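Structural overview for review
Now for the letters of each chain:
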Amino acid sequence: MGIEQDLERKKGLPPGSLVYVGDEVASSTKISVIDYIGDDLVEKELDKIQDVYPYTKTNSVTWVNIEGLNDIDVFKEIRDEFGIHPLLIEDILNTEHRPKINILNDYVVMILKMVWFNKEEVEIEEEQISVIIKDQTIFTIQEKEGDVLDSVRKAIRQNLGKIRNMSAGYLVYSILDAIVDQYLFESERISSDIEQLEEDMVIDPDQTVLQQIYHYKNIGMHLRKLVWPVKEIIGGLEKSKVIDMNTGFYLKDVSDHIIHVMDTVEMTRSMAANLLDVYFSSVSNKMNEVMKVLTIVSTIFIPLTFIAGIYGMNFAHMPELDEAWAYPVVWGIMIAMTLGMILFFKRKKWF
Amino acid sequence: MGIEQDLERKKGLPPGSLVYVGDEVASSTKISVIDYIGDDLVEKELDKIQDVYPYTKTNSVTWVNIEGLNDIDVFKEIRDEFGIHPLLIEDILNTEHRPKINILNDYVVMILKMVWFNKEEVEIEEEQISVIIKDQTIFTIQEKEGDVLDSVRKAIRQNLGKIRNMSAGYLVYSILDAIVDQYLFESERISSDIEQLEEDMVIDPDQTVLQQIYHYKNIGMHLRKLVWPVKEIIGGLEKSKVIDMNTGFYLKDVSDHIIHVMDTVEMTRSMAANLLDVYFSSVSNKMNEVMKVLTIVSTIFIPLTFIAGIYGMNFAHMPELDEAWAYPVVWGIMIAMTLGMILFFKRKKWF
Amino acid sequence: MGIEQDLERKKGLPPGSLVYVGDEVASSTKISVIDYIGDDLVEKELDKIQDVYPYTKTNSVTWVNIEGLNDIDVFKEIRDEFGIHPLLIEDILNTEHRPKINILNDYVVMILKMVWFNKEEVEIEEEQISVIIKDQTIFTIQEKEGDVLDSVRKAIRQNLGKIRNMSAGYLVYSILDAIVDQYLFESERISSDIEQLEEDMVIDPDQTVLQQIYHYKNIGMHLRKLVWPVKEIIGGLEKSKVIDMNTGFYLKDVSDHIIHVMDTVEMTRSMAANLLDVYFSSVSNKMNEVMKVLTIVSTIFIPLTFIAGIYGMNFAHMPELDEAWAYPVVWGIMIAMTLGMILFFKRKKWF
Amino acid sequence: MGIEQDLERKKGLPPGSLVYVGDEVASSTKISVIDYIGDDLVEKELDKIQDVYPYTKTNSVTWVNIEGLNDIDVFKEIRDEFGIHPLLIEDILNTEHRPKINILNDYVVMILKMVWFNKEEVEIEEEQISVIIKDQTIFTIQEKEGDVLDSVRKAIRQNLGKIRNMSAGYLVYSILDAIVDQYLFESERISSDIEQLEEDMVIDPDQTVLQQIYHYKNIGMHLRKLVWPVKEIIGGLEKSKVIDMNTGFYLKDVSDHIIHVMDTVEMTRSMAANLLDVYFSSVSNKMNEVMKVLTIVSTIFIPLTFIAGIYGMNFAHMPELDEAWAYPVVWGIMIAMTLGMILFFKRKKWF
Amino acid sequence: MGIEQDLERKKGLPPGSLVYVGDEVASSTKISVIDYIGDDLVEKELDKIQDVYPYTKTNSVTWVNIEGLNDIDVFKEIRDEFGIHPLLIEDILNTEHRPKINILNDYVVMILKMVWFNKEEVEIEEEQISVIIKDQTIFTIQEKEGDVLDSVRKAIRQNLGKIRNMSAGYLVYSILDAIVDQYLFESERISSDIEQLEEDMVIDPDQTVLQQIYHYKNIGMHLRKLVWPVKEIIGGLEKSKVIDMNTGFYLKDVSDHIIHVMDTVEMTRSMAANLLDVYFSSVSNKMNEVMKVLTIVSTIFIPLTFIAGIYGMNFAHMPELDEAWAYPVVWGIMIAMTLGMILFFKRKKWF
């Protein structure tokens, strides 16, 4: 529904028109800057994007974080001041976009997704995060306030590791690393959830379990769609000249991590698919059990009822009816038949 | 049926014969031209294709739109005047053709498909659109009057974006962009339809649902067939020299969009496939329910009937028949058996 | 069976031995020649292969058509006169071979298959057609008299299109085009047959339908085996120097067509696979219906029979038996139970 | 079991240790030599491998055939005399190895498998055959006495074809050709067996049929494992310099054959997979038939029994019991109900 | 669970922080060294990593084995003394990592997994083993004490093969060879276990069998994840300059072995998948058997009971009741019906 409207809204416009395409989020746009070089660190909330310009002109690394995509003017400013191509700004505002990287002469734009596994709804929530890299200035543009990058901020603030002594390329690496770690974290959670589901299912396979499997399979497909392009993005970044060369090794490391995530996602998909077979088998075993009960009861009592029926007939001449031994003998036959049946079922291992 | 006749009609002819192969559409061929450069704009309906030649000889961008493929003479004129290879004109007239691009020394021919999702019939309707690019002249040739390109016309007329200041290459890009946006729009519609279907199905899985799934899977395959070649087409366009180089970035953008469409189509296919499992499970759960009802009723009443049968027997010597307490005791036994059964089924969670 | 014998026959022989491997066909070998250049055209049936040599030594295009593979001497002559490698002649005679191309210094040998869809047996019939290209001489070698190439002959005879003014390369293209058109024609037929099958199946899914699906899936696989190599063959032809360069564009066109055929074959395979799900669902729905009837009847009448059984018991002291109102009351209870059951089934939508 | 022991035996040893890893075969190692050049031919059984050396030093082609891998000394001799790498000799002795080729400066080692389809056990039997190519000397090393190469021996002995006038490369080609022909022969046999199975199955689908399908699917996988590497091996051979160049064309021919085998194997696998669906359908159709019989009988007789039960009740006041017309009327009702049911089932096409 | 905590622990830290990520293992870190060159051999347990440095500075091959990852200081020392990149040390300590290789200017780090098939739990146990190669010094770092490398140690101690006379590259090859041999051993064990399972299953297909199949399929996926990267790792090693060139041939041999393992793993996966079909068929055959028993008993006795019911009716006027021949005749009819039914079932082959 929403998607159709979004697309409808977008479809009639010429390419490069800046319109925010995504779920309507009320919050306003929030701008903050972290500027550091060695021991010098400035961290500020800004009122308007123009306040950021002085920082971008120094040698220090400038990280501008923008939360909220509603204030189109901010993005027009960035477009004009930093010479970002209108189509790219359009892509940043369109949160339905797939992850990608655009490498231009003097800047790079990456569009990535942060993901959260919503355990209750059994679905993937995603939030777009765009990264603009121009010289020593890094813009990160998120849909709403997020916390995936908090570990990076903490490292800068507390001067952990060597981030404060490295160039903007290392900051990009740290951001990518934080996002990819989040992928891994969420995909491992999904994987362990599926294992849990398997145990639950064998005990009680009901229709809701199947719907969950269905959702897990869709999640696998969804994650695949979000994660696979990241490998290409990192590959592109490695080849671009915007990032300085000595962070290449770090990118290789993120690249290894993303392959690990891909493996985990594939594993998840395959587990969900296999789970389905266990489900169908559980259902069919329950059916088997139901049928066995029916068959055992019917097979024992229907013949007995027939015998009782025989001696309920009202024929004038049924000699055995008048014998005193007849009634106990009939009981004897019935009990013998029942025991015979039980033996038969035992031998067939139906009990 | 129709296809066989079409092919039959075509089979006997030597290659390069111009015959319109497709569904018979009565409407005549309509020609219109939009010619623009900067602020100058001419838009006209034309009677004959020859009226277009003066426009093609100026520096301005000339967009000739032809609707209807029945008037073979028009295409013979284009073939001769613009030196288009007969085999390509043949391909343009054969609407059963798959999307493709042919890049020649001084012109390019693209054959594309516009798609509409017919929700009632659960199928994809397609219309062929061919594009001939020669210098600053663009021909677009459609089967019938269409509206996918209306957004492009509007942008030209109202001077939206920068289309009026760009070369013919940008117009080609705008046309491709409009078509690809349509793909995205329709594939998202299909995708949200499948989600709807899933909800409906759990409530009431009937045979028509399965046929719908079957159609959705065929749609996925069909879309794949139409969308995949477009990536190659754009790739080919990027490498061709007919398109001027500075629209390369725009083509890259459409290329990103088409990958997004491909992802969505794959997602759709996978969802339809997964849906099938939910369907089969729903059916088998309903079967289970039916069986349980049968088993519960049979298992409770068949033994009871047997007991009633016993005391319906007419043996002369059945001592218990004459006791006053016998009838209530039999009732007691029957009620106890029934309660026991109910307990048994409760423990098995069949209720 | 036949295959085993054929292979057995072949296995013991040294490579290059000329033996006809295929179904034994009684008809003798028939040789005909069409020789043309511009307006000059000679068409003749020949008694022996040697009669063809004068034609091959002129500048005109010489098309030698050989029908029937039994007369080994003909092929020995060709081998020796035109210097064709014995292994290739062996391949031409072995009709179990897969399509392939061999490009040598001064000649090219192609082995292709013509296909017919046998609707009654639901299988693909194939006939091998080998093409030898040497300078301006083209040999086509078929298993039996065929008609796929009749359109090419007609074009030559009636001087349709430009074939009479083109070199041997264009003739090769025309032959390929006729064969590929046949592929398309047959695969479209299969595709529309499968659609028909789907409609039939929903009405009455029986075992024969499944066997048909099985055959359609095998057909898909079979066609794939025959059609896929053709793309490579055309690719090889494009690169070879035997074919003159200006037919390159025509080959590209056949190449497009073969991709279209491949798409159609894939579509066919996928439709047949999807059909299977519809079939299984139809079967399981029929089962469900059977079960429902059983359950409804049993569930209504088994409890009623029990009640009847109760009052069929012969206890001396059953007070209600003597009351005048008892019989109608029992009827009332029975009718109420029946109505209750019917309501229950209605709510479950089993009716 | 055996495999585990074999591996266990091998695991503790340093690389390059010569141990025969495979099934324990009692027969001793048999060495024979065929040496030929033009009309000269020597064929001999040898007592020890050293007797072969004089032949290897002449210009003639020397084919040494070794049957049986138990006499490790033979292989040590070959290793030392011909400078074969210990790891390669180890590979030759390890019959669990996958097919491969090793191309070294002055010799080539190929490890191939001969296959036989064991129809009774429905499995593939394989025997390793290793080929060492050094100058004009060819070693073939088999596990036991075999007959696949008998056709090659016959061609040499009887001077069939041109093998006697060709170099060692042609002998290698002839050996490969014989092995690949065997592949084709066996895979065609399997394929025709599966077709037979399909016919049997429709008549009587029992559990053994399914196990056979299971075995056929495993055979497909197994063959794939053995046949696929052969393509690479031939590719490697084509590039190596040990083989003289003018047998290149012959290798290309074997390469075509192996692709044909691969196609056949894939076809086989796909047919076995499709067969499974036919099987499941047959089973479910039989189930349907069983259910229908049960339902028809139950649905007809359970209501009738109820009616009989009604008039078996012993109520004092059942007015209809005393009427003379009552008994025939009840019969009439029963017959009418039965006819109604039969009509109902007829309309549902259950008969 | 544990994984989530591990990841949680890791997530907040800046890249390059040395934290052991894996299952908490109590044992302390154990360091041992084997130093050899020709006939000289030193083997020692060391207290601290610094004791190793004298050995690393000689020309001899130095193999340092570290068991246990808990003592972070050891790894800090290695990082600083040998100049290993902090990210790589981090990877060595993170045992959740996927196999990989990092080739730097003067050293190589490989991360590999040893695997054990746990037959009771039907799962793969893995242990990470990291290898650092720097000049003639090899570090192997394991999670716990292991025995896979004991065969290598034995070869060094007992001077088996030529390891004592080779460089460090050959040691690396020996280590890889031992690990890959372990892969093969375990995958063959799994494969023969699946074969065993198939036999068990046909006899008694219960729910636990299905869970086992599920686990085997997951094992297949898991092994794939561990084994596939090893091929790349060996490929990387072949290209690196750290390893001396004349061990290239040995690496090729391990490469062949790993392809063989990959084949076996694929075979295993495919067998497990096929097994599932056999399982479902067994279940459905058992169901069929149950249904047949029910149907046979019901179909025979329900009509008989009806007949008995007829003559249990209490109509005043039922002429046949008073005839002496009636009772035997009814018995006759019943026996005839029963025999008829049995014949019917015999003909349908239900017995």
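As the structure is a computational prediction, the values presented were derived from the model and not from experiment.

**Some details on the pattern of salt bridges**
According to the stated counting rule, one finds 95 salt bridges over all chains in the structure shown. Across the pair Asp263(C) and Arg98(B) runs a salt bridge whose closest N-O atoms are separated by 2.8 Å. Taken together, the residues span two chains, with Asp263(C) in helix α8 (residues 248–310) and Arg98(B) in the loop between α4 (86–93) and β4 (100–103). As a salt-bridge pair, Glu67(D) and Lys30(D) come within 3.7 Å of each other at their nearest N and O atoms. Here Lys30(D) lies in strand β1 (residues 30–37) and Glu67(D) lies in strand β3 (residues 61–67), a separation of 37 residues in the sequence. For Glu67(D), a relative accessible area of 10% gives the class buried. Among the charged side chains, a salt-bridge network with shared partners connects Asp91(A), Lys100(A), Lys252(B), Asp253(B) and Asp256(B).

**Topic: the domain arrangement of chain A**
As assigned here, chain A comprises domain 1 (3–282) and domain 2 (286–347). Computed over C-alpha atoms only, the centres of domain 1 of chain A and domain 2 of chain A are separated by 73 Å.

**Overview of the interface of chain B and chain A**
Of the residues lining the interface, 68 residues belong to chain B; the matching set on chain A comes to 61 residues. Taken together, the two surfaces of chain B and chain A that pack against each other cover about 5,700 Å², and 66% of this comes from carbon and sulfur. Between the two partners, chain B and chain A, sit five salt bridges. Asp253(B) serves as the salt-bridge partner of Lys100(A), at 3.8 Å between the closest nitrogen and oxygen. If one sorts the elements of the side of chain B that touches chain A by residue count, helix α8 (residues 248–310) of chain B sits on top with 37 residues. In terms of residue class, the side of chain B that touches chain A is built from 31 nonpolar, 22 polar and 15 charged.

**With respect to helix α3 (residues 72–82) of chain D**
Residues spaced three or four apart along an α-helix face the same direction, because each turn holds 3.6 residues. Residue and element names in this part refer to chain D. Residues of α3 that are buried: Ile72, Val74, Phe75, Ile78 and Phe82. For α3, the angular spread of buried residues about the axis comes to 160°, placing them on one side. Away from its buried face, by an angle of more than 90 degrees, α3 presents the exposed residues Asp73 and Asp80. Next to the buried residues of α3 lie β1, α2 (53–56), β3, α4 (86–93), β6 (123–134) and β7 (137–142). After α3 finishes, the residue glycine 83 shows a positive phi value of roughly 65°.

**Describing helix α8 (residues 248–310) of chain D**
Between its terminal C-alpha atoms α8(D) stretches 93 Å, which fits the 93 Å expected from 63 residues at 1.5 Å a residue. With 52 of 63 residues buried, α8(D) is to be regarded as a mostly interior element.

**What about the relation of the copies chain B and chain A?**
Structural alignment of chain B on chain A gives an RMSD of 0.1 Å, achieved by rotating through 72° and translating 0.0 Å along the axis. Between the two chains, the operation in question is that of a five-fold axis. No C-alpha of chain B approaches the rotation axis more nearly than that of Gly312(B), which lies at 4.6 Å. The residues that chain B uses at the interface reappear at the interface of chain A in only 18% of cases, marking distinct surfaces.

**Some thoughts on unusual backbone geometry**
All names here are of chain A. Positioned with a positive phi, valine 122 is a non-glycine residue whose angle comes to about 50°. As for its position among the elements, valine 122 is in the loop between β5 (108–118) and β6 (123–134). Take valine 122: its relative accessible area is 5%, and that puts it in the buried class.

**Examining the pairing of strand β3 (residues 61–67) of chain E**
All names here are of chain E. Most of β3 sits out of view: seven of its seven residues are buried. Every second residue of β3 is oriented toward a common face, with Val61, Trp63, Asn65 and Glu67 on one face and Thr62, Val64 and Ile66 on the other, all of them buried. Two elements, strand β1 (residues 30–37) and β3, share seven bridges in a ladder whose sense is antiparallel. Directly across from aspartate 35, in β3, lies its bridge partner threonine 62. Here β3 runs beside strand β7 (residues 137–142); their pairing, made up of six bridges, is parallel.

**What about the interface of chain C and chain B?**
Taken together, the contact pairs 68 residues of chain C with 61 residues of chain B. Roughly 5,700 Å² is buried in total at the junction of chain C and chain B, and carbon and sulfur atoms are behind 66% of that figure. Taken as a group, Phe249(C), Phe306(C) and Phe315(C) account for 12% of the area that chain C buries against chain B, more than any other trio of residues on that side. If you look at where chain C meets chain B, you find five salt bridges. Among the ionic pairs, Lys348(C) bridges to Glu289(B), the shortest N-O distance being 2.5 Å. For the pair chain C and chain B, the interface holds 17 residue pairs in polar contact (both at pLDDT 80 or more). Counting residues per element, the ones that place at least two in the side of chain C that touches chain B are α5 (150–157), α6 (168–203), α8 and α9 (326–347) of chain C. With 37 residues, α8(C) is the largest single contributor of residues to the side of chain C that touches chain B. Of the residues belonging to the side of chain C that touches chain B, the class tally is 31 nonpolar, 22 polar and 15 charged.

Conventions and cut-offs
Residues numbered from 1 in each chain as written. Chains lettered and ligands numbered in written order. Predicted model: local features only at pLDDT ≥ 70, side-chain atom pairs only at ≥ 80, totals over all residues. Heavy atoms only, no water. Salt bridge = Lys/Arg side-chain N within 4 Å of Asp/Glu carboxyl O. Helix = DSSP H or I, 4+ residues; strand = E, 2+ residues; numbered from the N terminus. Buried < 20%, exposed > 50% of the residue type's maximum accessible area, 1.4 Å probe, protein only. Domains from an automatic or database assignment. Contact = heavy atoms within 4.5 Å. Buried area = accessible area lost by both parts, 1.4 Å probe. Nonpolar A, V, L, I, M, F, W, Y, C, P; charged D, E, K, R; others polar. Arc of directions from axis to C-beta. Expected span 1.5 Å × (residues − 1). Least-squares fit on C-alpha atoms with pLDDT ≥ 70 in both. Pairing = 2+ DSSP bridges. Polar contact = N/O pair within 3.5 Å; in protein donor to acceptor, adjacent residues only side chain to side chain.

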